[in-house]
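Fold and geometry: a report
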Amino acid sequence: MKYTGGDKKALGIVLTPRHITELFALLAAVDRTSKVLDICTGTSGFLISSMHQMMKDATTKEHEDQIKKLGLIGVEQQPTMFALAASNMVLRGDGKANLYQGSCFDPAIVAAIKAHNCNVGMVNPPYSQADEDLHELAFVQQMLECLDDGAVGIAIVPMSCAISPHPIREELLSKHTLEAVMSMPGELFYPVGTVTCIMVWRAHKPHAKTARKTWFGYWRDDGFSKTKHRGRVDLNGRWAAIRDRWVESFRNREIHAGESVMHHVTHEDEWCAEAYLETDYSNIKEKDFERELQKYVAFKILNGEAKDL
């Protein structure tokens, strides 16, 4: 697969890291009764992670068959990617029964996937690269429209979707509730340099009517490190503990200084933790202050501004 961050003529496909697809399944709390929809299924990463989580809740062969036949619904437009998705599902237990090849905006496909009455949606849309007709939020909106009332929809999108003005933001809040937004590590999709966030939505519950505060998480450190030949890997085995802490904090809407906060937002506000977090000064040491002061002095000297000190 080619990871592309090129111009708007490129596909903008950025495959989701496996530990993030696992995280989605946990955030959605999928079980054997879930019906999971991914309208940009790619190679089926979200569906496979969901299936693994759903299988843990299955206690009979009948439960397992139901999950594979009815619980996993995906749409993929690119023919080669669709072939990979189907093959991936076959190799991992054959849950390909409800994979659709075509556009998630095609009325016939929309009607077909709505008939599945999905209660969970997951999406990592192709990154639009300034193509307004294929803006990432348009895919988020389409996913939510295809879900049942009250379903949970989770999307990972560029941070610009959370902080830059766009008409779809107002449309989304007029029909759906923004439950949570989590700021993700800056190099999550390394070597593609896209800074992302995870959005959690409640489908068909207008934000204005619910008057709910949105939970914001600052999830910038997932424990992974960059390596020369293997990309980002969990070298020190930190991910499991970090994942469990994140999921618990999200489920309980916990508030921790410097890590998470609740705030009521509108379409005109920024949807990111950084805009509302309170600084936790308890962990700042005198040596930290000295180090930053030294950086400041060095910057002034290098820029010929020492006389201002």
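Calculation rules
Residues numbered from 1 in each chain as written. Predicted model: local features only at pLDDT ≥ 70, side-chain atom pairs only at ≥ 80, totals over all residues. Heavy atoms only, no water. Helix = DSSP H or I, 4+ residues; strand = E, 2+ residues; numbered from the N terminus. Buried < 20%, exposed > 50% of the residue type's maximum accessible area, 1.4 Å probe, protein only. Contact = heavy atoms within 4.5 Å. Areas by Shrake-Rupley, 256 points an atom, 1.4 Å probe, with all protein chains shown as cover. Patch = residues over 30% accessible without salt bridge, like charges linked within 9 Å, V, L, I, M, F, W, Y side chains within 5 Å. Salt bridge = Lys/Arg side-chain N within 4 Å of Asp/Glu carboxyl O. Phe/Tyr/Trp six-rings, centres within 6.5 Å; stacked < 30°, edge-to-face > 60°. Lys NZ or Arg CZ within 6 Å of the ring centre and 35° of its normal. Polar contact = N/O pair within 3.5 Å; in protein donor to acceptor, adjacent residues only side chain to side chain. Core = buried A, V, L, I, M, F, W, Y, C linked by side-chain atoms within 4.5 Å. pLDDT = per-residue confidence, 0-100. Expected span 1.5 Å × (residues − 1). Arc of directions from axis to C-beta. Pairing = 2+ DSSP bridges. Axes fitted to C-alpha atoms, helices over the stretch in contact; angles between N-to-C directions.

1. Regarding the overall build of the protein chain
- Regarding its fold elements, the protein chain presents 11 helices and 11 strands.
- Within the span of the protein chain, comprising 309 residues, buried residues form 46% of the whole.
- In the protein chain, the share of contacts with a sequence separation of at least 24, taken over all contacts with a separation of at least 6, comes to 73%.
- In the form shown here, the protein chain has an accessible surface area of approximately 15,700 Å², with 51% of it arising from carbon and sulfur atoms.

2. Quick notes on a nonpolar patch on the surface
- Nonpolar side chains collect at one region of the surface, where Phe289, Leu293 and Tyr296 lie side by side and expose about 330 Å² of accessible area between them.
- One can find phenylalanine 289 in helix 11 (residues 286-302).
- With a relative accessible area of 55%, phenylalanine 289 lands in the exposed category.

3. Section: the packing of aromatic side chains
- For the structure shown, the criterion picks out 9 aromatic pairs.
- Aromatic side chains tryptophan 215 and tryptophan 219 sit 6.1 Å apart centroid to centroid with 65° between the ring planes, which places their arrangement in the edge-to-face category. The residues tryptophan 215 and tryptophan 219 share a single accessibility class, namely buried.
- Taken together through their ring pairs, the aromatic side chains of Trp215, Trp219, Phe224, Trp239, Trp246 and Phe250 make up a single cluster.
- Between arginine 253 and the ring centre of phenylalanine 250, over which it is positioned, the NZ or CZ distance is 4.4 Å.

4. A short note on the side chain of histidine 176
- Residue placement: histidine 176 occurs in the loop between helix 8 (167-175) and strand 6 (177-183).
- At 2.8 Å, the side chain of histidine 176 and the backbone nitrogen of histidine 204 are in polar contact.
- Setting aside residues up to four positions removed in sequence, histidine 176 forms contacts with Leu144, Glu145, Trp201, Arg202, Ala203, His204, Lys205, Pro206 and His207.

5. Some remarks on the nonpolar core
- One finds Leu23, Leu27, Met122, Met182, Met184, Ile198 and Trp219 to be the most contacted residues of the largest nonpolar core, which totals 43 residues.
- Residue assignment for this core shows that the elements contributing at least two residues are helix 1 (18-27), helix 2 (45-55), helix 4 (79-91), strand 4 (120-123), strand 5 (152-158), strand 6, strand 7 (196-202) and helix 10 (239-252).
- Broken down by element, the residue count for this core peaks at 6 residues, all from helix 1.
- Setting aside chain neighbours within four positions, we find leucine 27 in contact with Ile154, Met182, Ile198, Trp219, Val247 and Phe250.
- Residues Leu144, Ala155, Leu172 and Cys272 belong to the second largest nonpolar core, which totals 41 residues.

6. Details of the confidence of the model for the protein chain
- Mean pLDDT for the protein chain: 88, with 90% of residues reaching 70 or above.
- Highest mean pLDDT in the protein chain belongs to strand 4 (98); lowest belongs to helix 11 (83).
- Note on residues 1-11: pLDDT is under 50 here. Beyond four places in sequence and across chains, it has 20 contacts.

7. Some points on helix 10
- The end-to-end C-alpha distance of helix 10, which contains 14 residues, comes to 20 Å, matching closely the 20 Å that a straight helix rising 1.5 Å per residue would cover.
- Three or more residues of helix 10 are buried, namely Trp239, Ile242, Arg243, Trp246, Val247, Ser249 and Phe250. The arc enclosing the buried residues of helix 10, seen along the axis, measures out at 165°, which places them on a common side.
- Residues of helix 10 that are buried sit in contact with helix 1, strand 6, strand 7 and strand 8 (214-218).
- At the exit of helix 10 stands arginine 253, carrying a positive phi of roughly 50°.

8. A short note on the environment of leucine 47
- Note that leucine 47 resides in helix 2.
- With relative accessibility at 0%, the residue leucine 47 sits in the buried group.
- Contact partners of leucine 47, with chain neighbours within four places excluded, come to Val36, Asp38, Thr41, Leu72, Ile73, Gly74, Met89 and Leu99.

9. Looking at the sheet that holds strand 11 (residues 260-263)
- An order of 3-2-1-4-5-7-6-8-11 is seen for the 9 strands of this open sheet, with the pairing classed as mixed. Looking at the sheet topology across the chains shown, the edges are occupied by strand 3 (99-101) and strand 11. The average angle at which neighbouring strand axes cross in this sheet is 15°, direction not considered.
- Pairing analysis gives 3 bridges linking strand 1 (residues 36-38) to strand 2 (residues 72-76), with the strands arranged parallel. The residue bridging valine 36 from the neighbouring strand is leucine 72, located in strand 2.
- Contacts between helix 2 and the sheet are confined to strand 1, strand 2, strand 3 and strand 4, with strand 2 contributing the most and set at about 175° to the helix.

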